[in-house]
Amino acid sequence: MITSETKIRVRYGEVDQMGYMYYGNYAQFYEVARVDMLRTVGMTYRYLEELGIMMPVLDMQCKFFKPAHYDEELTIKTTLAKMPGVRIHFKYEFYNESGEFIHVGETTLVFVDMKRMRPCLPPEIFQNRLKPFFD
């Protein structure tokens, strides 16, 4: 299992009239958090794309418990609980500045060969970077 934490501050343009983070912006925060997680194991989206692999989102789920507010620094705990195959599944837990659990989300992405536009296994180098976390 791999877990990482990302801190991100809610900006003015990301809130609605009530000062709550607009629900559509959570997906962008998921992306920031998963990109940060992949960097912790030495992988980047850019590198995967250079290898001819893209990772579109197949599924996204979320549940809101409390709102995130303007100018609040959030901690996003991202977890990759199992070794990916053709699909990779991330879980996100959001905590506010007081440490309260306010949101949970999940995304499933698919590894796609950009030349064939077909699902594929992750590149061997990607698998090798993740293996130590799942042995």
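One structure accompanies this document, and this report is about it.

Calculation rules
Residues numbered from 1 in each chain as written. Predicted model: local features only at pLDDT ≥ 70, side-chain atom pairs only at ≥ 80, totals over all residues. Heavy atoms only, no water. Phe/Tyr/Trp six-rings, centres within 6.5 Å; stacked < 30°, edge-to-face > 60°. Helix = DSSP H or I, 4+ residues; strand = E, 2+ residues; numbered from the N terminus. Buried < 20%, exposed > 50% of the residue type's maximum accessible area, 1.4 Å probe, protein only. Core = buried A, V, L, I, M, F, W, Y, C linked by side-chain atoms within 4.5 Å. Contact = heavy atoms within 4.5 Å. Pairing = 2+ DSSP bridges.

What follows concerns the packing of aromatic side chains. Tallied over the entire structure, the rule returns ten aromatic pairs. With 5.3 Å between their ring centres and 70 degrees between their planes, Phe111 and Phe126 make a pair best called edge-to-face. A residue pair is termed long-range when its members are at least 10 positions apart, and Phe111 in the loop between β6 (101-110) and β7 (112-113) and Phe126 in helix α3 (residues 124-134) qualify at 15 residues. A single burial state applies to Phe111 and to Phe126, both of which are buried.

Our next topic: the nonpolar core. By size, the foremost hydrophobic cluster in this structure holds 31 residues, and its most contacted members are Phe29, Leu74, Ile88, Phe90, Phe94 and Phe126. Mapped by element, the contributors of at least two residues to this core are β1 (2-9), α1 (26-40), α2 (45-50), β4 (73-80), β5 (87-95), β6 and α3. The dominant element in this core, judged by the number of residues it contributes, is α1, at six residues. Discounting residues that sit within four places of it in the chain, Leu74 has contacts with Thr6, Lys7, Ile8, Val10, Met21, Phe29, Ala68, Phe94, Tyr95, Asn96 and Ile102.

Sheet architecture is open: three strands sit in the order β2-β7-β8, paired in antiparallel fashion. Two strands close off the open sheet at either side, each with one partner strand: β2 (53-54) and β8 (118-119).

Our next topic: unusual backbone geometry. Here Asp71, not a glycine, exhibits a phi torsion of approximately 70 degrees, which is positive. By secondary structure assignment, the location of Asp71 is in the loop between β3 (57-64) and β4. Phi is positive for Met117, which is not a glycine, with a value near 55 degrees. Take Met117: it is sitting in the loop between β7 and β8.

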